[in-house]
Amino acid sequence: MTLQGADRIEQELVSIVGEANVLRPAPEAYAIDDRHPSFVVFPGTSEEVAAILRLAHAQELAVVPMGSGRRLSFGNLLERADILLSTRRMTRILEYEPADLTASVEAGCALEAFNRAALPHRQWLPFDPPDANRATLGGIAAADDFGPLRHGYGRPRDSVIGLEVVQADGTRIRAGGRVVKNVTGYDLNKLFVGSFGTLGVLVRVHFKLRPYPEAEATSLFLDSEWERLESGARQILQSELLPAALVLANEEAMSALLPDYPRKALLARFLEMAPAVVYQVERVKALARSLSLEFVELRDEASRSIWEKLGRLHRLLSTDLRLRLSVLPARTVEAFCAGERALGETLARLHILAQPGTGIVHIGGKLPIEDEPTLSLVVQAIRHLRTMWAAHRGRVIVEHAPPEIKRRVDVWGEVGASLPLMRALKHAFDPKRILSPGRFVAGL
Amino acid sequence: MASWIAELQEIVGREDVLTDPERLLAYECDGLSIHKHPPAAVVFPESAEEVVGIVKVLWRHRVPFLARGAGTGLSGGAVAVEGGVILELARMNHILEIDYANRLAVVEPGVINLMLTRAVADAGYFYAPDPSSQMACTLGGNVAENAGGPHCLKYGMTVHHVLGLDVVLPNGEVVTLGGHGTDAVGYDLLGLFVGSEGTFGIVTKITVRLTRQPQAVKTLLADFLSVEDTSRAVSAIIAAGILPSALEMMDRATIEAVEASVYAAGLPTDAAAVLLIELDGLAASVEHEAERIVELCRTNGARQVIVARDEAERARLWAGRKGAFGALGRISPDLMVQDAVIPRSTLPEVLPEVYRIAARYGLRMANVFHAGDGNLHPNICFDGRDSDEVRRVKEACREIMELCVRVGGTLTGEHGIGLDKIAYMPLVFTDDDLEAMARVRAVFDPEGLCNPGKVLPVRRCRAF
Ligand SMILES: Cc1cc2nc3c(=O)[nH]c(=O)nc-3n(C[C@H](O)[C@H](O)[C@H](O)COP(=O)(O)OP(=O)(O)OC[C@H]3O[C@@H](n4cnc5c(N)ncnc54)[C@H](O)[C@@H]3O)c2cc1C
């Protein structure tokens, strides 16, 4: 972009969103990996988003949509980033009819703000992605961003019932609708949810809500070995119990979460009617006894706060590398241990959180130094884990890493035989590759 | 004889390629008899390899084709509207793997829905999506339609229970969508495929999630003297933050048909409507929720609420509900069923209006539906030989759709657009929305050979 060109584009952006809502150049806080966008814009309406995209499309400028910026570094390095499009000003709850258990929000609406508004009606969106306190609902949908509650409530993908999307050329489309059950036409919600801003800009999201549980408690099993904890997890999974979340945590994670208990742990969160919570806690207490495991019970606020902390763990431990493994659930502990072996010597503060019910394993840690030998050890470890788990349908995604690592590995790993379909979809929705180019699988 | 027929015979054997016009008549429609069109041929593959072979031949000759499961679809989805070939998948009916440790099962597409639940019941599991047709419909057909069922209120639709698919694309290439038990990376092609009504390719293998049987189940039957009260009770239950596993409504016309059939369940024939409500989960919460529901029904005018005493009584009530469509089918030559969905809070205002529309057109209508989801099923009894009645059926259907869309609803909750509802698509979607869908379809099927004439309105005119 020439200087005059940039001036002209700035003028046009200002004419769309007003002077106060364009930043040039992007301040340091808006860097994505090591890339600095030329502009940050803060549209206030979906019409403004559409106008920005029309401009970008005509000028072939790369647009990167963002919510709170929490997950901006999730993805491969961007090829280009001219305009960072923030939904920060689009925070309204557009429709909320408690009797329908559904709601529509603007993409920048914060998860916390929404749940605060829904609480008086005893309803909520049961999402707990990392840094949930900052998350926007558009960002959660775009990244299909989940946390431990996935075990009991599914992924955000399963709660999105409709979307309004601004396409690359600025035309607006709607997917799904406002009702909880809908097979009218192709389900384009599925295409956009989890597409990380590479197919369109989500401007509105419709969700189905859940009743807010009457009571909550968390049971903690502690031990020095995995064996009995794993067996505890298995017995819970094969019982009548209905935990909303079930997580195995290593010592490093536990010492940050509950400094009094720096041991290996199994955490089970129960969200139910009060008598059902009491029943379940009693059941797992008996289970802990039968396995001779140390047992701790956290109620209400204490329970809530440990899960909130767990969502900020990577921050508490200043993580700069975070991997997500997805394996068959029965292999969760195996994946956990493999991750520990592969990275335990290289990373400091190696913390691992695993969901034995869904097979999701998060491994995080700090690079002691960013020198060549360390980087190549990390890269080797990622490759090693990928090869090892490919044989069991497992996947290893790099959720967060310094640019130097992203230059050496595709953060998503292999896609497989469906890559040509994905390429064709990207081409069908963003032929000029202006939406977060390079970020997605295989650098789409 | 077309040369491709000989090629198909080479793949599956001469006797497994039907071309005799008389026998093809059995394939001229699905569960919705209003749309009829015989295929040019029907083939019976027995393996994924045969499906690939067949599709490659048809692709090469540019012959349109489509898969068919049990033919119980209710939108004309399995009708070969442009002629072409039906691949009937009933013989691919093997359960390939059951893996309790990972709570999944791998099946061929021709496996009947209920057979899977039966196969895992003794181990304490079930397959959650339970269309009322589950004794007949196939899992392949369920995937194609994103089928629902009474218990989808709590457990979600087919898409929430499918973990992986092997698909033969319209050009004969094979792809795997989803991770078959793990998360795949990239766009959610699995979610996109489920509900694509057989227009993106042919499913040859499905991995589904198995669900643990709940500790406790309680089934209630509440009867009411007016449809308005019944609707209000439904809205009150949802608004109270209770999520029953099923919340079904049956009106008087339905009750009468059921009670006069082999599915007779002892329903009160003098009620205006009944609600069949099921709660499941932990005994401790089910008890508590049941009390609240009884109370909510009573305050909204229920004459009586009974709790099924035992498994036999429960089974009888459900047989009545699941047999309702069949029972209605017996009382008139043809049956049209619509599938619109409305926001649940609008039920008390919309349902009476639906009855008024039917009355205005002089049609006999019975409603039996997934009330908790707001998923209506107005069933219209008619005689397809009476062209004036057919016209009235169509006009009434359009008015019902328009009404549902006006209150924020949509055309179909589980049966699909198929052939039947194409004309209404512009009621909910703009040209740009439809164009985006068409782009997706072209990615999977650039030549438009796979189940053509379904889902999306085509620009070029065509006489139906
Ligand atoms: C009495 C009755 C009750 C019903 N109740 C319900 C209900 O509660 N909920 C509900 O959702 N539906 C219900 N239905 C509708 C119907 O049963 C479902 O749509 C079911 O999923 C269809 O399955 P099928 O095997 O009969 O498919 P078919 O009718 O044979 O085919 C349906 C569509 O699926 C496609 N298809 C089939 N197999 C494949 C495959 N392997 N790969 C790709 N495409 C394929 C076909 O091309 C067609 O487009 C009911 C139907 C009846 C008759």
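Preceding this paragraph is the structure being described.
We now turn to the structure provided with this report. The shown structure was predicted, so the numbers you read here are calculated from the model rather than taken from an experiment. (Residues numbered from 1 in each chain as written. Chains lettered and ligands numbered in written order. Predicted model: local features only at pLDDT ≥ 70, side-chain atom pairs only at ≥ 80, totals over all residues. Heavy atoms only, no water.)

### As for the pairing of strand β3 (residues 63–66) of chain A
Residues and elements named next belong to chain A.
Here's step 1: Where burial is concerned, the two faces of β3 agree: the one with Val63 and Pro65 and the one with Val64 and Met66 are both buried.
Here's step 2: Examined bridge by bridge, β3 and strand β4 (residues 83–86) share four bridges and lie parallel to one another. Note that in β4 the partner of Pro65 across the bridge is Leu85. (Buried < 20%, exposed > 50% of the residue type's maximum accessible area, 1.4 Å probe, protein only. Helix = DSSP H or I, 4+ residues; strand = E, 2+ residues; numbered from the N terminus. Pairing = 2+ DSSP bridges.)

### Comments concerning unusual backbone geometry
Residue and element names in this part refer to chain A.
Here's step 1: Of the consecutive residues Arg24 and Pro25, the connecting peptide bond is found in the cis state with omega at -10 degrees.
Here's step 2: As for its position among the elements, Pro25 is in the loop between β1 (22–23) and β2 (39–41).
Here's step 3: In the Ramachandran plot, Asp131 falls in the positive-phi region, its phi being about 55 degrees despite a non-glycine side chain.
Here's step 4: Topologically, Asp131 is positioned in the loop between β7 (123–124) and α4 (137–143).
Here's step 5: For Phe196, which is not glycine, the phi dihedral falls at a positive 50 degrees.

### Some thoughts on the interface of chain A and chain B
Here's step 1: Taken together, the 71 residues of chain A in the interface contact 78 residues of chain B.
Here's step 2: Carbon and sulfur atoms supply 61% of the area buried between chain A and chain B, which totals about 6,300 Å² over both sides.
Here's step 3: Together, A:Lys181, A:Val183 and A:Tyr186 form the three largest contributors to the area buried by chain A at its contact with chain B, with a combined 16%.
Here's step 4: Counting the contacts that link chain A with chain B gives five salt bridges.
Here's step 5: The partner of A:Arg174 in a salt bridge is B:Asp433, and the shortest N-O contact between them spans 4.0 Å.
Here's step 6: Counting across the chain A and chain B interface gives 24 residue pairs in polar contact (both at pLDDT 80 or more).
Here's step 7: Within the residue set of the side of chain A that touches chain B, elements represented by two or more residues are β9 (172–176), α6 (188–192), α9 (274–290), β19 (395–400) and α15 (419–429) of chain A.
Here's step 8: Among the elements that line the side of chain A that touches chain B, the one with the most residues is α15(A), at seven residues. (Contact = heavy atoms within 4.5 Å. Buried area = accessible area lost by both parts, 1.4 Å probe. Salt bridge = Lys/Arg side-chain N within 4 Å of Asp/Glu carboxyl O. Polar contact = N/O pair within 3.5 Å; in protein donor to acceptor, adjacent residues only side chain to side chain.)

### A short note on the site of the ligand
All names here are of chain B.
Here's step 1: Around the ligand sit 35 residues, and of these Ala67, Gly69, Thr72, Ser133 and Thr138 come closest.
Here's step 2: The separation between an oxygen atom of the ligand and a polar main-chain atom of Gly69 is 2.7 Å.
Here's step 3: Between the ligand and Asn142 there is a distance of 2.8 Å, counted from an oxygen atom to a side-chain nitrogen or oxygen.
Here's step 4: Burial of the ligand by the protein chains amounts to 95% of its free accessible area of 980 Å².
Here's step 5: Elements supplying a minimum of two residues to the shell around the ligand: β3 (65–68), α5 (139–145) and β10 (202–209).
Here's step 6: Ranked by residues supplied to the shell around the ligand, first place goes to α5 with five residues. (Near = heavy atom within 4 Å. Areas by Shrake-Rupley, 256 points an atom, 1.4 Å probe, with all protein chains shown as cover.)

### A closer look at the nonpolar core
Here's step 1: In this structure, A:Leu137, A:Leu188, A:Phe221, A:Leu323, A:Ile405, B:Leu165 and B:Phe444 are the most contacted members of the largest nonpolar core, which totals 198 residues.
Here's step 2: Top element by residues in this core is helix α14 (residues 387–406) of chain B. It accounts for nine residues.
Here's step 3: The residues contacting A:Phe221, other than those within four sequence positions of it, are A:Leu229, A:Gly232, A:Ile236, A:Lys264, A:Ala265, A:Leu266, A:Val284, A:Leu287, A:Ala288, A:Leu293, A:Glu294 and A:Phe295.
Here's step 4: A:Ala249, A:Ala253, A:Leu298 and A:Leu353 belong to the second largest nonpolar core, which has 25 residues in total. (Core = buried A, V, L, I, M, F, W, Y, C linked by side-chain atoms within 4.5 Å.)

### Some thoughts on the environment of B:Leu363
Residue and element names in this part refer to chain B.
Here's step 1: On the secondary structure map, Leu363 appears in the loop between α13 (347–360) and β17 (364–369).
Here's step 2: Measuring from C-alpha to C-alpha, the distance between Leu363 and Arg441 comes to 37 Å, with 78 residues separating the pair along the chain.
Here's step 3: Not counting chain neighbours up to four residues away, the residues in contact with Leu363 comprise Ala358, Ile380, Glu389, Arg392, Val393 and Ala396.

### Digging into the sheet that holds strand β6 (residues 102–106) of chain A
Residues and elements named next belong to chain A.
Here's step 1: Taking strand neighbours across the sheet as the criterion, the five strands line up as β5-β6-β10-β8-β9 in an open arrangement whose pairing is antiparallel. Bordering the open sheet on either side are β5 (93–97) and β9, each of which pairs with just one other strand. Neighbour to neighbour, the strand axes of the sheet diverge by 10 degrees on average, direction disregarded.
Here's step 2: Pairing of β5 with β6 involves four bridges; the strand directions are antiparallel. From the neighbouring strand, Glu97 faces β6, where its bridge partner is Thr102.
Here's step 3: Most of the contacts of helix α3 (residues 111–118) go to β5, to which it runs at about 35 degrees, and overall it touches β5 and β6. (Axes fitted to C-alpha atoms, helices over the stretch in contact; angles between N-to-C directions.)

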